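Breakdown of the fold
Below, each chain spelled out in residue letters.
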Amino acid sequence: MAAALCLAAILGALLLPGRWYLLSWLPFAVGARLVPRVDRRAALVLVLLGAVVLPLTAASHPPDSSDDVYRYVWDGRVQLAGVDPYRYPPAAPELHRFREPGLWPPSSHWCVADGCTLINRPAVPTIYPPVAEAVFAGVVLLSPRSARQHPMQLAMALCAALVGALLWRALAALGRDPRRAVLWAWCPAVALEAGNNAHVDVVAAGLAAAAVWVLAAGRRPALGGALLGLAVATKLTPALLAPALLRRPPRPAAMVALCAAGALAVVYLPHVLAAGPAVLGYLPGYLHEEGYADGSRFALLDVVLPPALAPVAAALIVAATAVLAWRRAGPDRPWDTAAATVTVTLLVAAPAYPWYTLLLVMLVGYGAPAEWLAVAPAAYLAQFAPDLGLATATAQRTGYGLALLAIAAGLLRRRPRSLTPSRRVTGGGSWCRRSAAAWRR
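Attention in this report is confined to the structure presented alongside it.

Scoring rules and cut-offs
Residues numbered from 1 in each chain as written. Predicted model: local features only at pLDDT ≥ 70, side-chain atom pairs only at ≥ 80, totals over all residues. Heavy atoms only, no water. Axes fitted to C-alpha atoms, helices over the stretch in contact; angles between N-to-C directions. Helix = DSSP H or I, 4+ residues; strand = E, 2+ residues; numbered from the N terminus. Left-handed = near helix turned anticlockwise from the far one by under 90°. Contact = heavy atoms within 4.5 Å. Nonpolar A, V, L, I, M, F, W, Y, C, P; charged D, E, K, R; others polar. Patch = residues over 30% accessible without salt bridge, like charges linked within 9 Å, V, L, I, M, F, W, Y side chains within 5 Å. Areas by Shrake-Rupley, 256 points an atom, 1.4 Å probe, with all protein chains shown as cover. Salt bridge = Lys/Arg side-chain N within 4 Å of Asp/Glu carboxyl O. Buried < 20%, exposed > 50% of the residue type's maximum accessible area, 1.4 Å probe, protein only. Core = buried A, V, L, I, M, F, W, Y, C linked by side-chain atoms within 4.5 Å.

**Details of the packing of helix α9 (residues 201-217) against helix α17 (residues 358-366)**
Between α9 and α17, the least distance of the axes is 9 Å, while the angle of their chain directions is 30°. At the point where α9 passes α17, the crossing takes the right-handed sense. Across the interface between the two elements, Asp-201, Val-202, Ala-205, Ala-208, Ala-209, Val-212 and Trp-213 of α9 pack against Leu-358, Leu-359, Met-362, Leu-363 and Tyr-366 of α17. A breakdown of the residues in the contact of α9 with α17 according to their chemical character gives eleven nonpolar, no polar and one charged.

Printed below as a string of structure tokens:
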């Protein structure tokens, strides 16, 4: 009963506007501790109910904190008209014939010389990789012509529910407690970013979850590699999982890498033939726009380093974490070190975009330390900074600083208790085994 009340509280908080979304994290934290303690059948009902109802509820009203979905719809319509989405930006004269009032109203936040649109950054080409573009085209193909963003919201909400079901099945197949899937199914970030904002990151997280399952089972490295390549071809962030997932004996590791590269090549090739180097889209410009190129966006690093050094320091930190992930990953528990790489990257980059955390939520659902989820509400604090009366930079430093403290406290709590010197000498082997087990947890 208490767990069901927590689910109802999360549902109610999701119906509140703007910054009040942050309240949903309180019942989520309580419910995530209660569900693993109930009967497995009851837990299955609660997990699947949350996985379906929460994203669909969030999808019941227009996007609240992102306009990316309108670019998704535009890219899908352009593709169905036979135009490669990487060739022209939405404002290009060659695409004027595709303009419709639904996406090009008389007034909007985004305007160019000859009109206004709901599509963000209309003067630059798309940034999304080929699998994401295929998803956009598929959803638009199955949608009514007059529909705008709602079919895309429903599609991403359905994907979030499917990932929850996949996690339950994967955990059971891997001999782990499937009730841990509640950390994905009930997570407010999943409901908001998949259901309400319809971010394609949920598709990338689903493909990555399938890759983790296959590779952790250790039976089909070719399939696992292909799934990883498709995840990267949906959103580039799943590439952060590669060091942990490739930690295998030499031959399977080479096969995983080869199949991942092959999947990337297959989906990119048609667009390369149609648009050439333009397949990179707006990615380089995006990094400059967000302040990552000049170092002004690294909220935590900027506290201790001059902005000019922040990009180099960020690259070194992420690279060192990836190397450690490669060296310490367990073949049957790749999510631990994969999640460490993702968490460190999020802390270093300090994005104001909560949808980047969906990949981490999935890995925590598999078994990575739950306190690493603290980076998700940190991203919301930065996003809702104006509503909270805070400067964005201040909110970023505060949110990610608190997340770092929470993660550090969790790691300290998981350390084995100190032993007396005599016990360390006489029971050294056992102490080492306990230390290794604590790291794996």
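**Remarks on a nonpolar patch on the surface**
On the surface, Leu-16, Trp-20, Leu-23 and Leu-26 cluster together to form a nonpolar patch covering roughly 390 Å² of accessible area. As for its placement among the helices and strands, Leu-26 is situated in helix α2 (residues 25-34). Its relative accessible area of 58% is what places Leu-26 among the exposed residues.

**Some details on the nonpolar core**
Judged by nonpolar contacts, the single largest core of 112 residues is most densely connected at Met-152, Trp-184, Trp-186, Leu-241 and Met-362. Examining the composition of this core, we find that eleven residues originate from one element, α9, more than from any other. Beyond its immediate stretch of four places on either side in the chain, Trp-186 contacts Ala-3, Cys-6, Leu-7, Ile-10, Phe-28, Gly-31, Val-35, Leu-46, Val-47, Gly-50 and Leu-54. Judged by nonpolar contacts, the second largest core, of eight residues, contains Leu-301, Ala-313, Val-348 and Ala-349.

**Some remarks on the environment of Pro-105**
The topology assignment puts Pro-105 in the loop between α4 (68-80) and β1 (110-112). Once the C-alpha coordinates of Pro-105 and Arg-145 are considered, the two residues, 40 residues apart in sequence, prove to be 16 Å apart.

**Quick look at the pattern of salt bridges**
Per the counting criterion, the structure on display carries seven salt bridges. Two residues, Glu-100 and Arg-145, come together in a salt bridge whose shortest N-O distance is 2.5 Å. One end of the pair, Glu-100, is in the loop between α4 and β1; the other, Arg-145, is in the loop between α5 (130-141) and α6 (150-173), with 45 residues separating them in the sequence. Residues Asp-201 and Lys-235 are paired through a salt bridge, measuring 2.8 Å at the closest nitrogen-oxygen approach. Within this pair, whereas Asp-201 is found in helix α9, its partner Lys-235 is found in the loop between α10 (221-232) and α11 (242-245), the two being separated by 34 residues in sequence. In this pair, the class of Asp-201 matches that of Lys-235, namely buried. It is possible to trace a salt-bridge network through shared partners that takes in Arg-40, Asp-177 and Arg-179.

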